[in-house]
Amino acid sequence: MFLRHLVVFSFIALLAGCAGFGARESVQGQGNTAQWRDYKQQLTSLDGWQINGKIGIRAPKDSGSGTLFWLQRQDYYDIRLSGPLGRGAARLTGRPGKVSLEVANQGRYDATTPEALVEEQLGWKLPVSNLAWWVRGLPAPDSKSRLTLDADSRLANLEQDGWQVEYLSYAEQNGYWLPERIKLHGTDLDVTLVIKEWQPRKLGQ
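Here goes a summary of the coordinates provided. (Residues numbered from 1 in each chain as written. Predicted model: local features only at pLDDT ≥ 70, side-chain atom pairs only at ≥ 80, totals over all residues. Heavy atoms only, no water.)

1. Quick look at the overall build of the chain
Point 1. A tally of regular secondary structure across the chain gives four helices and 12 strands.
Point 2. A total of 205 residues make up the chain; the buried ones form 40% of that total.
Point 3. Counted over contacts in the chain with a minimum sequence separation of 6, partners at least 24 positions apart contribute 43%.
Point 4. On the chain, roughly 11,200 Å² of surface is accessible, and the fraction owed to carbon and sulfur atoms is 51%. (Helix = DSSP H or I, 4+ residues; strand = E, 2+ residues; numbered from the N terminus. Buried < 20%, exposed > 50% of the residue type's maximum accessible area, 1.4 Å probe, protein only. Contact = heavy atoms within 4.5 Å. Areas by Shrake-Rupley, 256 points an atom, 1.4 Å probe, with all protein chains shown as cover.)

2. Describing the packing of aromatic side chains
Point 1. Using the criterion set out here, one finds five aromatic pairs in the structure.
Point 2. Judged by centre distance (5.9 Å) and plane angle (40 degrees), the rings of W36 and Y39 are tilted. Of this pair, W36 and Y39 both sit in helix α2 (residues 33-44), three residues apart, roughly one helical turn.
Point 3. Judged by its relative accessible area of 9%, Y39 is buried. (Phe/Tyr/Trp six-rings, centres within 6.5 Å; stacked < 30°, edge-to-face > 60°.)

3. Here's the deal with the side chain of N130
Point 1. Within the secondary structure layout, N130 lies in helix α4 (residues 128-134).
Point 2. We classify N130 as buried; its relative accessible area is 12%.
Point 3. If sequence neighbours within four positions are ignored, N130 has contacts with A140 and D161.

4. Some details on the sheet that holds strand β6 (residues 98-103)
Point 1. Within the open sheet, the 12 strands sit side by side as β1-β8-β9-β10-β11-β12-β2-β3-β4-β5-β6-β7. Their pairing is mixed. Where the open sheet ends on each side, the last strands, each with one partner, are β1 (25-29) and β7 (107-111). On average, each strand axis in the sheet is tilted by 20 degrees relative to the strand beside it, whichever way the strands run.
Point 2. Bridge analysis of strand β2 (residues 48-58) against strand β12 (residues 189-201) gives 11 bridges, and the strand direction is antiparallel. Opposite G56, over in β12, you have T192 as the bridge partner.
Point 3. Its contacts with the sheet place α2 against β1, β8 (145-149), β9 (155-160), β10 (163-173) and β11 (176-186), and it is angled at close to 95 degrees to β11.
Point 4. Lying on the sheet, helix α3 (residues 114-122) is in contact with β4 (76-82), β5 (90-95), β6 and β7; it crosses β6 at an angle near 25 degrees. (Pairing = 2+ DSSP bridges. Axes fitted to C-alpha atoms, helices over the stretch in contact; angles between N-to-C directions.)

5. A closer look at the pairing of β6
In summary, the side chains of a regular strand alternate between the two faces of the sheet.
Point 1. Where β5 and β6 come together, six bridges link them in antiparallel fashion. Bridged to L92 within β6 is L101.
Point 2. Hairpin remark: β5 followed by β6, antiparallel, with two residues in the connecting loop; positive phi at G97, about 95 degrees.
Point 3. Relative to β7, β6 runs antiparallel, the two sharing five bridges. From the neighbouring strand, E102 faces β7, where its bridge partner is R108.
Point 4. Following β6, the chain reverses through three residues before pairing antiparallel with β7; N105 in that reversal takes a positive phi of roughly 65 degrees.

6. Describing the pattern of salt bridges
Point 1. Scanning all chains against the criterion turns up six salt bridges.
Point 2. Between R91 and D78 there is a salt bridge, and its shortest N-O distance comes to 2.8 Å. Within this pair, whereas R91 is found in strand β5, its partner D78 is found in strand β4, the two being separated by 13 residues in sequence.
Point 3. What makes D78 buried here is its relative accessible area of 2%.
Point 4. Residue R108 is joined to D110 by a salt bridge in which the shortest nitrogen-to-oxygen separation is 3.6 Å.
Point 5. Looking at R108, the relative accessible area reads 54%, which means it is exposed.
Point 6. Using a relative accessible area of 56% as the deciding quantity, one classes D110 as exposed.
Point 7. Counted as one network, the salt bridges with shared partners bring together D78, R80 and R91. (Salt bridge = Lys/Arg side-chain N within 4 Å of Asp/Glu carboxyl O.)

Without other data, these values stay purely geometric and don't point to any function.
Structure, rendered in structure tokens:
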């Protein structure tokens, strides 16, 4: 009797664990889901980085490419774009609830969310809050997502919040496998990120 109860309890616990894992993530592809969980846990703990690279934007009113600098320190971010992006250099800084955007030859603007600020001033409907997850090769945790894993159990493709994110290549930096080339496809907006330098740091320990 005890053994039977133990088996039933273990089965219920397994189902609960699967439900928790699959409630917001639909996972398919070549990879191993257990390895994906380990990979995801490692990258979720990564809360600081510095990125240098290039960004390409294709939108109805603005198209072009430029350089990207991104400093992340837990919930604070400093993202700088420069080059022929159609609107000159821009710098987005902030933390939850308070965001500022500085645009060359235009001034400084403030808002409570980065999405509202970027759309109002640059005309881009860009899910900036999700990018902090997507750039690490992770789905954002607050909405449903459909994942396709590659043979190494890393993200090959992500569908979330009306966006499709393609991960074309990864590079190892300080023990972390991090995206090197990313393509984002949204409504009337395509973004390409080429990350030439990753400096990952774990700050919250």
